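# Understanding the architecture of this molecule
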Amino acid sequence: MKIAVDAMGGDFAPQTIVEGAFLASKKYGMKVILVGDEDKVSKELSKYPTSKLPIYIHHAQHVVAMHDSPSIVLRRMKDTSIKVALDLANEGQVSGVVSAGNSGAAMALAMFVFKKLEGVDRPAIATIHPTTKGSTILIDSGGNVDCKSFHLVQFAIMGDAYAKYILGKEEPRIGLLSNGEEEGKGNELTREAHEILLKTDMDYIGYVEGRDLNSGEVDVIVCDGFVGNVALKISEGLWETIHAILKGEAKDNIRARVAYFLMKRAIRRLEKRLDYSEYGGAPLLGINGNCVICHGASNAKAIMNAIILASNLAKNRLNEHLIQELEEKQDLLRLGQKRSEKINESIKAIH
């Protein structure tokens, strides 16, 4: 089982990407194909003792820049590192793809190369967030800014399967992110999705609030990509702010300095739990392939863990489980689509 890694994608590519691939191969025996400029990748790889490690290089001439629009990439940039990596997976030469590059382009190319799973209208990004009781999945974390109710239902089904077959949660509790837990809360989108999800056999617990992202009271939180990305960025900045405040207090106050010193081990454990690099990246669910998208500023540890995640997704055959779940819930999906169609017809009639 090999994993293709976009060696040129990310703020610190190819240095950090190559280091992450080396760590994954050295510590966990991962077979990795680094896709990118052969000269640059080889130069970085030569810094590490890789003679006995299963790390290979596959040349790709071009790189997708962070500012390149997905539409331009699809039309004009075929021989890019991310596109070549996805092609390798589509041809069966690798079992998954990891990229810390332009996430919009990676999503667009993954959908173009792999196509969508039957029953999925909008693939979604699923991120893992630490809680007091383990972890919670947030879906969608930025893939789809504008959604309809049946898209949220699809996200719930995919999140349910991810929690069961990758995180090992037997009966995942699913919540719909809203501005309150009461029945009357939410907007038109969440109220429609809520009514449909109440009819499912999943363990849907109703509306949840933003604080539940880290409370541990729910296993999967469903929302549109606009709300999800805002929640994701707030969560990412939380520990940085807390850590900065603690350090500032320790500098200005002798008692706080002593307390900070005594709490150092606990703070390090907390830092590890909140560190995004511990989770590596986020899978794009709903495509007929295996693609893990990483933060642009990912460090070597994040890349290493993303490679491990891509391998686990393949080993646990997540897409096969997703297809089965979607087939079992076709009636539910059709119900959501019909409701959206009726609403659209009503809107047209008004205008």
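Residues numbered from 1 in each chain as written. Predicted model: local features only at pLDDT ≥ 70, side-chain atom pairs only at ≥ 80, totals over all residues. Heavy atoms only, no water.

So, on to the confidence of the model for the protein. Overall, the prediction assigns the protein a mean pLDDT of 86, with 92% of residues at 70 or greater. Ranking the elements of the protein by mean pLDDT puts helix H13 (residues 330–350) last with 54 and strand S2 (residues 31–36) first with 97. (pLDDT = per-residue confidence, 0-100. Helix = DSSP H or I, 4+ residues; strand = E, 2+ residues; numbered from the N terminus.)

A full pass over the atoms with the stated rule returns zero disulfides. There is no disulfide at Cys-291, and the cysteine sulfur nearest it, in Cys-294, is 8.8 Å away. (Disulfide = S-S within 2.5 Å.)

If you check helix H1 (residues 15–28), its first and last C-alpha atoms are 20 Å apart, about what 14 residues at 1.5 Å a residue would give, namely 20 Å. When H1 is considered as a whole, its buried residues turn out to be Thr-16, Ile-17, Val-18, Gly-20, Ala-21, Phe-22, Leu-23, Ala-24 and Ser-25. On the buried face of H1, the contacting elements are strand S1 (2–6), S2, helix H2 (38–45), strand S3 (55–59) and helix H11 (300–315). Among the residues trailing H1, Gly-29 stands out with phi positive, at a value near 70 degrees. (Expected span 1.5 Å × (residues − 1). Buried < 20%, exposed > 50% of the residue type's maximum accessible area, 1.4 Å probe, protein only. Contact = heavy atoms within 4.5 Å.)

In space, the 11 strands of this open sheet follow the order S3-S2-S1-S4-S11-S10-S5-S6-S9-S7-S8, with mixed pairing throughout. The strands lining the two open edges of the sheet, one partner per strand, are S3 and strand S8 (203–208). Averaged over all pairs of adjacent strands, the angle between strand axes in this sheet comes to 30 degrees, irrespective of strand direction. Bridge count for S1 against S2 is five bridges, and the pairing is parallel. Residue pairing for S2: Ala-4 is matched across the bridge by Ile-33. (Pairing = 2+ DSSP bridges. Axes fitted to C-alpha atoms, helices over the stretch in contact; angles between N-to-C directions.)

Inspection of every chain in the model, using the stated rule, returns nine salt bridges. For Asp-219, the salt bridge identified is with Lys-169, shortest N-O distance 3.1 Å. Of the two residues, Asp-219 sits in the loop between S8 and strand S9 (220–222) while Lys-169 sits in the loop between helix H6 (149–165) and strand S7 (173–177), which places them 50 residues apart along the sequence. With respect to class, Asp-219 is no different from Lys-169; both count as buried. Note that Arg-173 and Asp-219 form a salt bridge whose closest N and O atoms lie 3.1 Å from each other. With Arg-173 in strand S7 and Asp-219 in the loop between S8 and S9, this pair connects stretches of sequence that are 46 residues apart. Given a relative accessible area of 27%, Arg-173 falls into the partly exposed group. (Salt bridge = Lys/Arg side-chain N within 4 Å of Asp/Glu carboxyl O.)

Moving on: unusual backbone geometry. With omega at 0 degrees, the peptide bond leading from Ala-13 into Pro-14 counts as cis. Structurally, Pro-14 is set in the loop between S1 and H1. Going from Ile-139 to Asp-140, the amide bond is cis rather than trans, its omega being 10 degrees. Within the fold, Asp-140 resides in the loop between strand S6 (134–139) and H6. Positive phi is not limited to glycine here, since Lys-115 has a value of about 70 degrees. Along the polypeptide, Lys-115 turns up in the loop between helix H5 (103–114) and strand S5 (124–131). Accessibility expressed as a relative area gives 48% for Lys-115, which makes it partly exposed. Residues other than glycine seldom take positive phi values, yet Arg-317 does so here, at roughly 50 degrees. Among the secondary structure elements, Arg-317 is positioned in the loop between H11 and helix H12 (318–328).

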